[in-house]
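Observations on the model geometry
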Amino acid sequence: VEIVRAKQLASATAITYELNAWYRTASEEKKDAFLSWLVKHSADLSAIIPTLKLFKVGESMCAANELTIESGKFVCTEAILPIKDIVKKLGFSCSEIIKSDSNLSTFAPIQSSKKVFEAISSADSLSTLSTEEKILLVKYLALLDNIGEAAISSMPMFKNLNGEICRMDEMMPYTQDA
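Residues numbered from 1 in each chain as written. Predicted model: local features only at pLDDT ≥ 70, side-chain atom pairs only at ≥ 80, totals over all residues. Heavy atoms only, no water.

1. Remarks on helix H2 (residues 28–40)
Rules: In this text, helices come from DSSP runs of H or I with a minimum length of four residues, and strands from runs of E with a minimum of two, each type numbered from the N-terminal end. A helix's residues, less one, multiplied by 1.5 Å, set its expected span. Per-residue accessibility, obtained with a 1.4 Å probe over protein chains only, is compared with the maximum for each type, and a residue is labelled buried under 20%, exposed over 50%, and partly exposed between these values. Regarding the arc, it is the one traced by the directions from the helix axis to the C-beta atoms.
End to end, H2 covers 19 Å across 13 residues, agreeing with the expected 18 Å (1.5 Å per residue, within 8%). Of the residues making up H2, those classed as buried are Lys31, Phe34, Leu35 and Leu38. Burial along H2 is one-sided: seen end-on, the buried residues are contained in an arc of 100°. Exposed residues on H2 whose side chains face more than 90 degrees from its buried face are Glu29 and Lys40.

2. A closer look at the pairing of strand S5 (residues 156–159)
Our working definition: Two strands qualify as a pair provided that DSSP identifies no fewer than 2 bridges between them.
In this structure, S5 lies alongside strand S6 (residues 165–167), joined through 3 bridges in antiparallel fashion. The residue bridging lysine 159 from the neighbouring strand is isoleucine 165, located in S6. Linkage of S5 to S6, two consecutive antiparallel strands, is achieved through a turn of 5 residues, within which glycine 163 is found at a positive phi near 80°.

3. Observations regarding the nonpolar core
What counts here: Joining through side-chain atoms within 4.5 Å is the link that ties buried Ala, Val, Leu, Ile, Met, Phe, Trp, Tyr and Cys residues into a set, and such a set is a nonpolar core. Residue contacts are defined here by distance: any two heavy atoms, one from each residue, within 4.5 Å place the two residues in contact.
Counting residues in hydrophobic clusters, the biggest one holds 25 residues, and the most contacted among them are Phe74, Leu90, Ile120, Leu137 and Leu141. Considering every element that reaches this core, the biggest residue donor is helix H4 (residues 113–121), with 4 residues. Sequence-distant contacts of leucine 90, that is, excluding residues within four places in its chain, are made with Ile120, Ala123, Ser125, Leu126, Leu129 and Leu137. Counting residues in hydrophobic clusters, the runner-up holds 20 residues, among them Leu45, Phe55, Cys62 and Val75.

4. Concerning the pairing of strand S2 (residues 60–63)
Direction of pairing for strand S1 (residues 53–57) relative to S2: antiparallel, over a ladder of 4 bridges. Looking at S2, one finds that phenylalanine 55 is bridged to cysteine 62. In this antiparallel pair of consecutive strands, S1 and S2, the connection spans 2 residues, and glycine 58 shows a positive phi of 65°.

5. What about the side chain of serine 121?
Counting through the fold element by element, serine 121 comes out in helix H4. Each residue touching serine 121, except ones within four places of it in the same chain, is listed here: Leu126, Met155 and Pro156.

6. Things to note about unusual backbone geometry
With a phi angle near 60°, asparagine 146 is a residue other than glycine that sits in the positive phi range. Examined against the element boundaries, asparagine 146 turns out to sit in the loop between helix H5 (131–143) and helix H6 (149–153).

7. With respect to the packing of aromatic side chains
Selection rule: Pairing of aromatic side chains here covers Phe, Tyr and the six-membered ring of Trp, requires ring centres within 6.5 Å, and sorts the geometry by plane angle: under 30 degrees stacked, over 60 edge-to-face, intermediate tilted. We call a charge positioned above a ring when the Lys NZ or Arg CZ atom is no farther than 6 Å from the ring centre and deviates by at most 35 degrees from the ring normal.
Following the criterion strictly, the structure yields 5 aromatic pairs and no others. A network of ring pairs unites the aromatic residues Trp22, Tyr23, Phe34 and Trp37 as a single cluster. One cation-aromatic arrangement involves lysine 31 over tyrosine 23; the distance from NZ or CZ to the ring centre is 5.0 Å.

8. Focus on the pattern of salt bridges
The line we're drawing: A pair is scored as a salt bridge if a Lys or Arg side-chain nitrogen falls within 4 Å of a carboxyl oxygen belonging to Asp or Glu.
The tally for this structure, following the rule as stated, stands at 7 salt bridges. Salt-bridge contacts for arginine 167 lead to aspartate 169; the nearest nitrogen and oxygen are separated by 2.7 Å. With a relative accessible area of 32%, arginine 167 lands in the partly exposed category. By sharing partners, the salt bridges in this structure join Arg167, Asp169 and Glu170 into a single network.

9. As for H4
Of all the residues in H4, the buried ones are Ser113, Val116, Phe117, Ala119, Ile120 and Ser121. Here the buried face of H4 lies against strand S3 (73–74), helix H3 (84–89), H5, H6 and S5.

10. Comments concerning the side chain of serine 95
Rules: Here a polar contact is taken to be a pair of N or O atoms separated by no more than 3.5 Å, where protein atoms must pair a possible hydrogen donor with a possible acceptor and residues adjacent in sequence count only if both atoms sit in side chains.
Structurally, the position occupied by serine 95 is in the loop between strand S4 (93–94) and H4. Here serine 95 falls in the buried class, since its relative accessible area comes to 1%. Of note is the side chain of serine 95, whose polar atom sits 2.9 Å from the backbone nitrogen of cysteine 76. When residues no more than four places from it in sequence are discounted, the contact partners of serine 95 are Lys56, Val57, Phe74, Val75, Cys76 and Lys84.

Laid out in structure tokens, this is it:
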């Protein structure tokens with residue numbers, strides 16, 4: 001039994017390697033046909049699908065199991081598209097846009113609102129964003145599920161009158177009399 005499993009594993013690894021090499025150079029038409037085929041046979045191929053490099057991130061191809069926020073890689077869906085450039089400016093990578101009605105979206109990992117928020121809010125370069133980018137980011141984060149105003153206001157994004165970066169909820173409103 002162990003020998004049979006080892007042969008199956010070696011065979012699956014070889015097939016995955018060959019599919020990854022083929023997919024990288026295939027035409028868009030062939031990629032679409034392959035993704036349609038994968039959707040139809042996903043139950044039978046569930047062991048190898050997460051390791052297929054189907055997602056373009058920058059100049060490289062990534063597998064679904066590599067597209068994690070912890071590794072600094074965001075899945076770029078229509079929802080994240082408005083802040084894609086900001087996410088990149090914060091030091092993260094984004095996949096190419098994955099449309100919700102595409103076959104590729106079937107295999108894209110779901111990244112929770114909480115993890116997206118935690119990654120963005122803990123980015124060291126938040127304060128380097130322009131005021132317009134910060135406002136857009138705050139508006140986007142306010143639309144995320146289960147992310148409240150208190151969480152957003154705890155982000156260190158703006159400078160106080162002393163030029164120190166501080167949390168929004170620690171800032172005092174500006175007055176002429178101060």
